[in-house]
Amino acid sequence: MAKITRKPAPRKAPVPNKKAKAVVAKPRPVKTKPLKTPAPAKKSLKATKPNFSRPWTPAEVYDAFSRFHKANPEPKGELEHVNPFTLLVAVVLSAQATDAGVNKATRALFEVADTPQKMLDLGEERLRDYIKTIGLYRTKARNVIALSAKLLSEFGGEVPRTRAGIESLPGAGRKTANVVLNMAFGEHTMAVDTHVFRVGNRTGLAPGKTPLEVELGLEKVIPAAFMLHAHHWLILHGRYTCLARKPRCEVCLINDLCRWPEKTV
């Protein structure tokens, strides 16, 4: 009997229950930055700064101070005083205050206390009553009493004639020392207050970022013949002509020499 061989039936491919859905990637939204309005061009600083690239010549400096001398041969400081001690006190009191305000307070004060000993005898409390119309009067009263005591104990009751000596006194700094040395003792010093600082920078005569830079710059360029009164001329010029907000260029003695580009003449 012949052997019958059966062929295995072919396997059927599995039929998926559900048809696979084609996955289509959704496009992502592209973020766009809003267009910026271009910033206006910055104003050139050269338009507001003096032309320091052309410094004053020695002849121009001499000419400027010759004009100051001719207009006011003997300029005087506006702080009222009767001796070196009262000058020292007045300058210490003038910090962050006007000369007129200081004078109003010290006229009566100096009638009763014009020496270090008299100031000590007056005492801090009574001193405050005299100067209470001046800014920072409590601190200033304390400093005046302390400097009076130091003058008596270390300097024989006399105002020292050196910058270091004056700067060692309570409430006295470099500007105070320069004013006292110049006005009381005739030294060729340059006291730089806000007026001198402004004039030195605005005119280009002695530009500097600090009062000391302006001071040293002015001492370097001003002829010795004018140094005794130079700081007074510059202070008065800044106080009454080269004003901070609205300079009076039309009456300025040196407007043709000044380097300030915003002159009104």
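Residues numbered from 1 in each chain as written. Predicted model: local features only at pLDDT ≥ 70, side-chain atom pairs only at ≥ 80, totals over all residues. Heavy atoms only, no water.

**Here we look at the overall build of the protein**
The test is simple: Each helix is a run of H or I in the DSSP string that is no shorter than four residues. Each strand is a run of E no shorter than two, and both are numbered from the N terminus. Throughout this description, buried means an accessible area under 20% of the type-specific maximum (1.4 Å probe, protein chains only), exposed means over 50%, and partly exposed covers the range between. Whether two residues touch is decided by their heavy atoms; if any such pair falls within 4.5 Å, the residues are in contact. Here, Shrake-Rupley sampling with a 1.4 Å probe gives the accessible areas, and only protein chains in the shown set may cover a residue.
Broken down by element type, the protein carries 11 helices and 0 strands. What you see in the protein, going N to C, is helices and strands ordered as α-α-α-α-α-α-α-α-α-α-α. The buried share of the protein, reckoned over its 265 residues, is 38%. Taking the contacts inside the protein whose residues are at least 6 apart along the sequence as the reference set, 61% of them involve residues at least 24 apart. Summing over all exposed atoms, the protein offers an accessible surface of approximately 17,400 Å²; the carbon and sulfur share of this is 57%.

**What about empty space enclosed by the protein?**
The following threshold applies: Any residue with an atom within 4 Å of a point lines the site, the site being either a cavity, points on a 1 Å grid over the protein atoms alone where a 1.4 Å probe fits but cannot get out, or a pocket, an open set with protein on both sides within 12 Å along at least 5 of 7 lines. Grid points are joined across faces, edges and corners, and a volume is the space filled by probe spheres set on the points. Think of it as three bins: nonpolar holds Ala, Val, Leu, Ile, Met, Phe, Trp, Tyr, Cys and Pro, charged holds Asp, Glu, Lys and Arg, and polar takes everything else, Gly as well.
According to the stated counting rule, one finds 1 cavity of 30 Å³ or more in the structure shown. Taken as a whole, the largest cavity holds about 90 Å³ of empty space. Around the largest cavity, the lining comprises 13 residues; the ones closest to its centre are Cys242, Pro247, Cys249, Cys252 and Cys258. Tallied by class, the residues present in the lining of the largest cavity amount to 6 nonpolar, 4 polar and 3 charged.

**Examining the side chain of Thr189**
Inclusion rule: Two N or O atoms count as a polar contact when they lie within 3.5 Å, although within protein this holds only if one can serve as hydrogen donor and the other as acceptor, and sequence-adjacent residues are included solely when both atoms are side-chain atoms.
Residue placement: Thr189 occurs in the loop between helix H8 (174–185) and helix H9 (194–202). Polar contacts involving the side chain of Thr189 include one to the main-chain carbonyl oxygen of Asn178, which spans 2.7 Å.

**A closer look at the packing of H9 against helix H11 (residues 227–240)**
What counts here: In this analysis an axis means a line fitted to C-alpha atoms, helices contributing only their contacting stretch, and an angle means the value between N-to-C directions, from 0 to 180 degrees. Roughly parallel refers to an angle under 35 degrees, roughly antiparallel to one over 145, roughly perpendicular to one between 65 and 115, and oblique to any angle outside these ranges.
At a minimum axis distance of 8 Å, the contact between H9 and H11 shows a crossing angle of 85°. Classed by the angle they form, the pair H9 and H11 counts as roughly perpendicular. Across from His195, Val196, Arg198 and Val199 in H9, the residues of H11 making contact are His231, Leu234, Ile235, His237, Gly238 and Arg239. Its residues placed into classes, the contact of H9 with H11 shows 4 nonpolar, 4 polar and 2 charged.

**Side note on the pattern of salt bridges**
Here is the rule we go by: The term salt bridge refers to a side-chain nitrogen of Lys or Arg lying within 4 Å of a carboxyl oxygen of Asp or Glu.
In the structure shown here, the tally under the stated rule is 9 salt bridges. Residues Arg107 and Glu80 are paired through a salt bridge, measuring 2.9 Å at the closest nitrogen-oxygen approach. On the criterion of sequence distance, the pair formed by Arg107 in helix H3 (residues 99–112) and Glu80 in the loop between helix H1 (58–71) and helix H2 (84–93) is long-range, its members being 27 residues apart. With a relative accessible area of 34%, Glu80 lands in the partly exposed category. Residue Arg128 pairs with Glu124 through a salt bridge whose shortest N-O separation is 3.4 Å. Taken together, the residues Arg128 and Glu124, both in helix H5 (residues 124–131) and 4 residues apart, mark about one turn of the helix. Within this structure, Asp63, Arg67 and Asp256 form a network of salt bridges that share partners.

**Describing the layout of surface pockets**
Of the pockets and cavities examined, the largest pocket occupies roughly 390 Å³. Among the elements of the structure, H8, H9 and H11 are those that each provide at least two residues to the lining of the largest pocket. In terms of residue count, H11 provides more of the lining of the largest pocket than any other element does, 5 residues in total. Grouping the constituent residues of the lining of the largest pocket by class yields 10 nonpolar, 8 polar and 6 charged. In this model, the second largest pocket occupies a volume close to 170 Å³. Lining the second largest pocket are Phe68, Ala71, Asn72, Trp233, Leu236, His237, Tyr240, Thr241, Val251, Cys252 and Leu253. No other element matches H11, which puts 4 residues into the lining of the second largest pocket. Of the residues in the lining of the second largest pocket, the class split is 8 nonpolar, 3 polar and no charged.

**A few points about H2**
Extensive coverage of H2 is indicated by the burial of 9 of its 10 residues. Within H2, the full set of buried residues consists of Phe85, Thr86, Leu87, Leu88, Val89, Ala90, Val91, Val92 and Leu93. Buried residues in H2 make contact with H3, helix H4 (116–122), H5, helix H6 (137–154), helix H7 (163–167) and H8. The N-cap of H2, judged by a side-chain oxygen 3.1 Å from the amide nitrogen of Phe85 a few residues on, is Asn83.

**Thoughts on the environment of His69**
Relative to the assigned elements, His69 resides in helix H1. Among the residues examined, His69 registers a relative accessible area of 36% and is labelled partly exposed. Along the primary structure His69 and Trp233 are separated by 164 residues, whereas in three dimensions their C-alpha atoms are 8.2 Å apart. Apart from the residues lying within four places of it in its own chain, the contact partners of His69 are Phe226 and Trp233.

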